[in-house]
Amino acid sequence: MVTPILLAALGGAICSRVGLFNVGLEGLVLFGAFFAIVGNYLMGNVWLAVAFAVVCVMLFSMIFAYLSIQLRANVIIVGISLNFLALGLTSFSLRAIFNVKGAYYDKNMQGLPGWDIPLIKDIPWLGDVLSGHSPLVYAAFLLVFVFQYFLFRTVSGFRLLAVGENPVAARSIGIKSKRIQYGAVLICGILCGLAGAQLSLGQVTMFTENMTAGRGFIALVATMLGQSNPIGVGASSLLFGFMDAISIRLQGLALPTHFTMMLPYVVTLVMMFFFKDKSYLAEARKANESSR
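Residues numbered from 1 in each chain as written. Predicted model: local features only at pLDDT ≥ 70, side-chain atom pairs only at ≥ 80, totals over all residues. Heavy atoms only, no water.

Caption draft 1: Focus on the overall build of the chain. Tallying secondary structure elements over the chain gives 13 helices and two strands in all. A globule of 292 residues ought to have a C-alpha radius of gyration of about 19 Å, and the chain, at 19 Å, matches this closely. Projected onto its principal axes, the C-alpha coordinates of the chain cover approximately 55 × 45 × 40 Å. Buried positions account for 49% of the 292 residues belonging to the chain. The contacts of the chain with a sequence gap of at least 6 include a subset with a gap of at least 24, amounting to 73%. Carbon and sulfur atoms provide 67% of the accessible area of the chain, an area that totals close to 14100 Å². (Helix = DSSP H or I, 4+ residues; strand = E, 2+ residues; numbered from the N terminus. Rg over C-alpha atoms; globule rule 2.2 N^0.38 Å. Buried < 20%, exposed > 50% of the residue type's maximum accessible area, 1.4 Å probe, protein only. Contact = heavy atoms within 4.5 Å. Areas by Shrake-Rupley, 256 points an atom, 1.4 Å probe, with all protein chains shown as cover.)

See below:
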């Protein structure tokens, strides 16, 4: 349950680090979920479907990048517009491509395979927890440490951080800030495409209208709660994924469905009270750039 949130939150963190507050995570993940199913339907191969979803989401993320970076449009407005575009376009395309309303399901469609980890899979209870998941699940947690190392231990990572902290100073020393921002948005598109593919091919092997159900917004909160630090984002995503799983478990205890479904979102609102603003936000605004 945590993987779509974590992948999208990492994408949001990368955008945030270059001064772009990407509110369009919800739409990008929804695009990823839809195009993963379309790719599987057209090509009949789950890995080609994942690649197809990633490429399509990258194209839509470039719309966000061009409007926000090149045309200097308000990133909040652009992100919200992208969410509405995803909701409407996927619903329309569902009818146009599959000639169905609401949801598309094919019993012959293959989803992402589960990987059994040798030795660990034989350990009671722990084997069921850690083994048997799709490759994207393991990749998501691995990427937390990859991005942590990249941001704080490499020259390219420091340049990326410099663009977000003070774009004017970064440009004054020859750093191509726009190129780095475009690259960050592309990375976000890749991660959101993987998040959507995990959602539609790794969990249920189907697509339903608005199947993200706010996970992109939860990922946005995880990004803020983790202060755009990959390890912090990973911990926040684990919390929200855990509450999402708990809400499903509670449905088996004869509790009202509406109560259990709202639990992850209530926790999201509660967590927002713990989010503290930082001084570099004001500095970014003074530099006439989109702040984190």
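Moving on, there is more to tell.
Caption draft 2: Spotlight on the pattern of salt bridges. One pass over the full model with this rule turns up two salt bridges. With a closest N to O distance of 3.0 Å, Glu-209 and Arg-95 form a salt bridge. Here Glu-209 is found in the loop between strand S2 (207-208) and helix H10 (215-225), whereas its partner Arg-95 is found in helix H4 (residues 75-98), with 114 residues between them in sequence. The class of Glu-209 is partly exposed, set by a relative accessible area of 28%. With a relative accessible area of 35%, Arg-95 lands in the partly exposed category. Here Arg-215 makes a salt bridge to Asp-244, at a shortest N to O gap of 3.7 Å. With Arg-215 in helix H10 and Asp-244 in helix H11 (residues 230-250), this pair connects stretches of sequence that are 29 residues apart. Accessibility assignment for this pair places Arg-215 and Asp-244 in one class, buried. (Salt bridge = Lys/Arg side-chain N within 4 Å of Asp/Glu carboxyl O.)

Caption draft 3: Spatial organisation of the nonpolar core. Ranked by internal contacts, the top residues of the largest apolar core, which has 79 residues, are Cys-192, Leu-201, Phe-207 and Phe-240. With near-sequence residues (within four places) excluded, Leu-201 lies in contact with Ala-36, Ile-37, Asn-40, Val-46, Ala-49, Val-50, Met-109, Gln-110, Gly-111 and Leu-112. (Core = buried A, V, L, I, M, F, W, Y, C linked by side-chain atoms within 4.5 Å.)

Caption draft 4: The environment of Val-78, seen in detail. Inspection of the secondary structure assignment puts Val-78 in helix H4. Classification of Val-78 by relative accessible area gives buried; the value is 10%. Each C-alpha atom, one on Val-78 and one on Ala-65, is 9.3 Å from the other, the two residues being 13 residues apart in sequence. Filtering out sequence-adjacent residues up to four positions away, Val-78 remains in contact with Phe-64, Leu-67, Ser-68 and Ala-73.

Caption draft 5: Seen up close, the packing of aromatic side chains. Evaluated as defined, the whole model comprises ten aromatic pairs. A centroid spacing of 6.1 Å and a plane angle of 70 degrees characterise the contact between Phe-35 and Phe-52, whose relative ring orientation is edge-to-face. With Phe-35 in helix H2 (residues 25-43) and Phe-52 in helix H3 (residues 46-70), this residue pair connects regions lying 17 residues apart in the sequence. Ring geometry for Tyr-41 against Phe-98: centres 5.0 Å apart, planes inclined by 75 degrees, an arrangement best described as edge-to-face. With Tyr-41 in helix H2 and Phe-98 in helix H4, the pair connects residues that are 57 residues apart, well separated along the chain. Three or more aromatic residues link up through ring pairs in this structure, and these residues are Phe-31, Phe-34, Phe-35, Tyr-41, Phe-52, Phe-60, Phe-98, Tyr-104 and Phe-207. (Phe/Tyr/Trp six-rings, centres within 6.5 Å; stacked < 30°, edge-to-face > 60°.)

Caption draft 6: Quick peek at H4. Spanning 24 residues, H4 covers 33 Å between terminal C-alpha atoms, matching the ideal 34 Å at 1.5 Å per step. Taken together, the buried positions of H4 are occupied by Val-75, Val-78, Gly-79, Leu-82, Asn-83, Ala-86, Thr-90, Ser-91, Ser-93, Leu-94 and Phe-98. In this structure, the buried side of H4 is in contact with H2, H3, strand S1 (103-104), S2 and H10. Where H4 begins, one side-chain oxygen reaches toward the backbone nitrogen of Ile-76, 2.9 Å away; that side chain belongs to Asn-74. Directly after H4, the chain includes Asn-99, whose backbone phi takes a positive value near 60 degrees. (Expected span 1.5 Å × (residues − 1). Polar contact = N/O pair within 3.5 Å; in protein donor to acceptor, adjacent residues only side chain to side chain.)

Caption draft 7: Molecular detail of the environment of Val-75. Within the fold, Val-75 resides in helix H4. Take Val-75: its relative accessible area is 6%, and that puts it in the buried class. Separated by 51 residues in sequence, Val-75 and Gly-24 place their C-alpha atoms 9.0 Å apart.

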